[in-house]
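# Summary of the model geometry
Take a look at the letters that make up each chain.
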Amino acid sequence: MLRLVSLKLGRLYRYVKLAVLGSLAAALVLNTHSLLASLQRNELSERRFLQLNKCPACWGTSWCRKFLNGQLRLESWGRLRLLDFFNVKNVYFARYGEPREGSRRVVLKRLGSAQELADIDTKICRRATGRGRCDLLQALPATEFASLNGDVRLLTPGAVEGWSDLVHCPSQRLLDRLVRRYAETKDSGSFLLRNLKDSERMQLLITLAFNPEPLVLQSFPSDEGWPFAKYLGACGRMVAVNYVGEELWSYFNAPWEKRVDLAWQLMEIAEQLTNNDFEFALYLLDVSFDNFAVGPRDGKVIIVDAENVLVADKRLIRQNKPENWDVWYESKFDDCDKEACLSFSKEILCARVTVDHNYYAICQNLLSRHATWRGTSGGLLHDPPTEIAKDGRLEALLDECANPKKRYGRFQAAKELREYLAQLSNNVR
């Protein structure tokens, strides 16, 4: 009976698969003319495709000249709008060319799905008019995004606290940094909000509220050694960042030596974001194999999705001394059935100086036997060589880092794991 059911399900799956493929083939035939037209024209030079008409309810305009002049072109398959159905995240690959430098690959992001972007418009309209649809340009002056006008000197914590993960618990020092490094203005370098144009202020605040990833990349730039992709610019609701390389999941079955080096780099990233000279702790609230990429030439691991990053100002925590501020915080292991699970309290992350969250996130979701991704299990360090497996030290450190058995065990395990991985990958400094 069970065999009969499984056979019927198998046939049903094949029929559905054939039906989908048939539908796609029919769509290709019926839309041949439009497909050829889309392959020939450069949509990245079209204002409507860039949603430039939404500005200042957009991410910026600093790269509009490059877009509109045709210096960016989508790579071949990216020009087929039929494939947008599969491109849920609205991420595109393109070639960017400077006359004297040749072309290079860049990544373009709309910073949200089609539905999420539509929700932004709806929220703005509801806040301004109480209705779900409206003229965005007329509605914006009636929202909080326009309330910080040219008379306001500084962007203060009380105005934006809780808008997004980036400013869940902002300090004045962090906000001054965001404004000073805002790349979508010609007056970058000033922390005075009133030095921005009205449209630039609204763009900054809308980005901060709906998807602060560009602001993370701008405020903690790769040029200064932060492990994030390099921010290039924006036009309308399209942001350009540099192409890093293949995502981390494509290295899941790479040679052991390569995986050890990648694991060591990931632990170094966790350490850098937790403890640095700037006294900003950047906590990764979304850690999965597709949030990191690896450079093909230097093999460097880079964070390519920085939407869910909470920044806590350790200097402010020491100054304000909230309850238990100096007690070490241990993240609780989350043994769930889904991919990329994490257990954390944003309030606690904002109120403690010593926190193990980043070590926990990297160990549980990427390195240890608890990590799962797209049907794979065992983590990046699965199937170690026989001599390392027999020694047992690596497995013990990974287990203690992911699910500590001793109080404050993760802090010590993370330190020893970094050292051990450095030793294994010949990266001892």
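Residues numbered from 1 in each chain as written. Predicted model: local features only at pLDDT ≥ 70, side-chain atom pairs only at ≥ 80, totals over all residues. Heavy atoms only, no water.

Per an unreviewed UniProt entry, the chain goes by the name DIA1 protein and belongs to Neopipo cinnamomea. In its Subcellular location (unreviewed entry) section, UniProt records this for the chain: "Secreted". UniProt, in its Sequence similarities (unreviewed entry) section for the chain, records the words "Belongs to the DIPK family." (UniProt positions renumbered as here; feature names shortened; annotations may be inferred.)

Within the chain, the regular secondary structure consists of 17 helices and 12 strands. Relative to its 429 residues, the chain shows a buried fraction of 48%. Relative to all contacts within the chain whose residues are 6 or more apart in sequence, the contacts with residues 24 or more apart total 68%. Per element, the accessible surface of the chain, about 21,700 Å² overall, is 51% carbon and sulfur. (Helix = DSSP H or I, 4+ residues; strand = E, 2+ residues; numbered from the N terminus. Buried < 20%, exposed > 50% of the residue type's maximum accessible area, 1.4 Å probe, protein only. Contact = heavy atoms within 4.5 Å. Areas by Shrake-Rupley, 256 points an atom, 1.4 Å probe, with all protein chains shown as cover.)

Here strand β4 (residues 231-235) lies mainly inside the structure; 5 of its 5 residues are buried. Note: β4 against strand β5 (residues 238-242), 4 bridges, orientation antiparallel. Bridging across to β5, Y231 finds its partner in V241. (Pairing = 2+ DSSP bridges.)

Reading across the sheet, the 3 strands line up as β6-β8-β9 and stay open at both edges, with antiparallel pairing between neighbours. Edge positions in the open sheet fall to β6 (246-247) and β9 (301-303), since each of these has one partner strand only. Sitting on the sheet, helix α11 (residues 256-274) is in contact with β8 (292-294) and β9, with an inclination near 45° to β9. (Axes fitted to C-alpha atoms, helices over the stretch in contact; angles between N-to-C directions.)

A sheet is described by the order of its strands in space; here 5 strands give the open sequence β1-β2-β3-β5-β4, paired in antiparallel fashion. Whereas interior strands pair on both sides, the edge strands pair on one side only; in this sheet they are β1 (72-74) and β4. When the angles between neighbouring strand axes are averaged without regard to direction, this sheet yields 35°.

Linking two cysteines covalently via their sulfur atoms produces the bond known as a disulfide. Applying the stated rule across the entire model yields 5 disulfides. Here C64 engages in a disulfide with C235; their sulfurs sit 2.2 Å apart. Between C64 and C235, the S-S torsion sits near 100°, and that sign places the bridge as right-handed. Of this pair, C64 sits in helix α4 (residues 64-68) while C235 sits in strand β4; the two residues are 171 residues apart in sequence, bridging distant segments of the chain. Neither C64 nor C235 differs from the other in exposure class; each is buried. Covalently, C125 is tied to C134 through a disulfide, its sulfur atoms 2.1 Å apart. Every disulfide takes its handedness from the sign of the S-S torsion; for C125 and C134 that torsion is -85°, giving left-handed. Relative accessible area serves as the criterion here: at 2%, C125 is assigned to the buried category. (Disulfide = S-S within 2.5 Å.)

Okay, the nonpolar core next. Among the nonpolar cores identified, the biggest contains 90 residues, and F228, M267, F292 and L367 are the most heavily contacted of them. A total of 10 residues in this core trace back to one element, the largest contributor, which is α11. Once residues lying within four places of it in the same chain are set aside, the contact partners of L367 are A263, L266, M267, I362, G378, G379, L380, L381, L398 and L417. In this structure, F67, A94, M238 and A240 belong to the second largest nonpolar core, which totals 20 residues. (Core = buried A, V, L, I, M, F, W, Y, C linked by side-chain atoms within 4.5 Å.)

For the rest of this paragraph, the subject is the pattern of salt bridges. Following the criterion strictly, the structure yields 18 salt bridges and no others. Of the charged contacts, one joins E279 and R318 as a salt bridge, the two residues approaching to 2.6 Å between their closest N and O atoms. Placement of E279 in the loop between α11 and β7 (280-284) and of R318 in helix α12 (residues 314-320) is noted, with a sequence separation of 39 residues between them. What you see here is one network of salt bridges that share partners, running through K54, D121 and R237. (Salt bridge = Lys/Arg side-chain N within 4 Å of Asp/Glu carboxyl O.)

The next subject is the pairing of strand β2 (residues 91-98). Both faces of the sheet carry side chains from a regular strand, because those side chains alternate between them. Relative to β2, β1 runs antiparallel, the two sharing 3 bridges. Paired with R73 across the two strands is R95, which belongs to β2. Where β2 meets strand β3 (residues 102-109), 8 bridges bridge the pair, whose relative direction is antiparallel. In the sheet register, G97 faces β3, and the bridge partner there is S103.

What follows deals with the environment of C350. Tracing the sequence through the fold places C350 in the loop between α13 (346-349) and α14 (357-367). For C350, a relative accessible area of 15% puts it in the buried group. With 25 residues separating them in the primary sequence, C350 and W325 have C-alpha atoms 9.3 Å apart. Residue contacts for C350: discarding those within four places in its chain leaves H168, C169, L310, A312 and I317.

In an α-helix, one turn spans 3.6 residues; hence positions three or four apart end up facing the same way. Summarising burial for α14: 11 of the 11 residues are buried, a large majority. For α14, every residue scored as buried is listed here: H357, N358, Y359, Y360, A361, I362, C363, Q364, N365, L366 and L367.

Locating T274 in the fold gives a position in helix α11. The residues touching T274, leaving out its near neighbours within four places in the chain, are A281, K314, V355, N358 and Y359.

The terminal C-alpha atoms of helix α5 (residues 114-129), which comprises 16 residues, lie 22 Å apart, in line with the 22 Å expected from a rise of 1.5 Å per residue. Two residues or fewer after α5 comes G130, characterised by a positive phi angle close to 85°. (Expected span 1.5 Å × (residues − 1).)

This brings us to the environment of A306. Examined against the element boundaries, A306 turns out to sit in the loop between β9 and β10 (309-313). Sequence spacing of A306 and P214 is 92 residues, and the spatial spacing of their C-alpha atoms is 8.1 Å. For A306, the contacting residues outside a window of four places in its chain are E213, V216, L217 and F228.

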